[in-house]
Amino acid sequence: MIDDELSLTFAALADPTRRSILAQLTRGEATVKELAAPHAMSLPAVSRHLKVLERAGLVVKGREAQWRPCRLQTAPLRDVDAWMAPYRAFFEERFDRLEQHLTTLMTEQPPHPDEESR
């Protein structure tokens, strides 16, 4: 059983159907039926995906009269982004250094003999 919030979020995001549902919810609230429409699966299957998203805190179901609209909660995604920030900075620095190194190599290297004859 997953017990920390970051792991719950990553586990929920691991499935492409759940990522698709989250993408749908970026456009606003939707019912289970509306969320199921683009997917070739039953309403109970979509409900199971929604339960995983709810457990991870990514989706909240409201209650309005007869229907229960689902809406996106972004706090867990902000937590993932914050967790990834040091790794992003690490790789951006590496890419910047690689770009500088390649630029230096290109300016220091004499032209290829084939290029001089052109």
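Per-chain numbering applies: the sequence of each chain, read as written, is numbered from 1 onward. This being a predicted model, a pLDDT of at least 70 is required before a residue's local features are given, and a value of 80 or more before pairs of side-chain atoms are given or counted; all residues contribute to the totals for chains, interfaces and linings. No hydrogens and no water enter the side-chain calculation; it runs on all heavy atoms of the structure.

As recorded by an unreviewed UniProt entry, the protein carries the name DNA-binding transcriptional ArsR family regulator and is attributed to Jiangella mangrovi.

(A) Region of interest: helix H2 (residues 16-25). The set of residues buried in H2 consists of Thr17, Arg18, Ile21, Leu22, Gln24 and Leu25. The buried residues of H2 occupy an angular sector of 155 degrees when projected down its axis, which confines them to one face. We call two residues in contact when some of their heavy atoms are within 4.5 Å. Each helix corresponds to a stretch of at least 4 residues labelled H or I by DSSP, and each strand to a stretch of at least 2 residues labelled E; elements are numbered beginning at the N terminus. Its buried side turned inward, H2 meets helix H1 (5-13), helix H3 (32-36), helix H4 (43-55), strand E1 (59-61) and strand E2 (70-72). Polar contact is defined as a pair of N or O atoms within 3.5 Å, subject to the rule that within protein one atom must be able to donate a hydrogen and the other to accept it, and that residues adjacent in sequence are counted only when both atoms are side-chain atoms. Its side-chain oxygen at 2.8 Å from the backbone nitrogen of Thr17, Asp15 defines the N-terminal cap of H2. Each residue's exposure class comes from its accessible area (1.4 Å probe, protein chains only) as a fraction of the maximum for that residue type: buried when under 20%, exposed when over 50%, partly exposed otherwise. Throughout, the arc means the angular range of directions from the helix axis out to the C-beta atoms.

(B) Structural view of the packing of aromatic side chains. When two rings of Phe, Tyr or Trp (its six-membered ring) have centres within 6.5 Å they constitute a pair, described as stacked for plane angles under 30 degrees, edge-to-face for angles over 60, and tilted for the intermediate range. Enumeration according to the criterion identifies three aromatic pairs in this entry. Seen in terms of ring centroids, Phe10 and Trp83 are 5.5 Å apart; in terms of plane orientation they differ by 75 degrees. Their pairing is edge-to-face. Pair noted here: Phe10 is in helix H1 and Trp83 is in helix H5 (residues 75-108), with a separation of 73 residues, a long-range link. Taking relative accessible area as the criterion, Phe10 reaches 33% and is therefore assigned partly exposed. Given a relative accessible area of 40%, Trp83 falls into the partly exposed group. Within the aromatic cluster, the residues linked to one another by ring pairs are Phe10, Trp83 and Tyr87.

(C) Highlighting the pattern of salt bridges. A pair is scored as a salt bridge if a Lys or Arg side-chain nitrogen falls within 4 Å of a carboxyl oxygen belonging to Asp or Glu. Applying the stated rule across the entire model yields three salt bridges. Note that Lys61 and Glu54 form a salt bridge whose closest N and O atoms lie 3.9 Å from each other. On the basis of relative accessibility, which here comes to 29%, the residue Glu54 falls in the partly exposed class. The salt bridge involving Asp81 is made with Arg88; its shortest N-O contact spans 2.6 Å.

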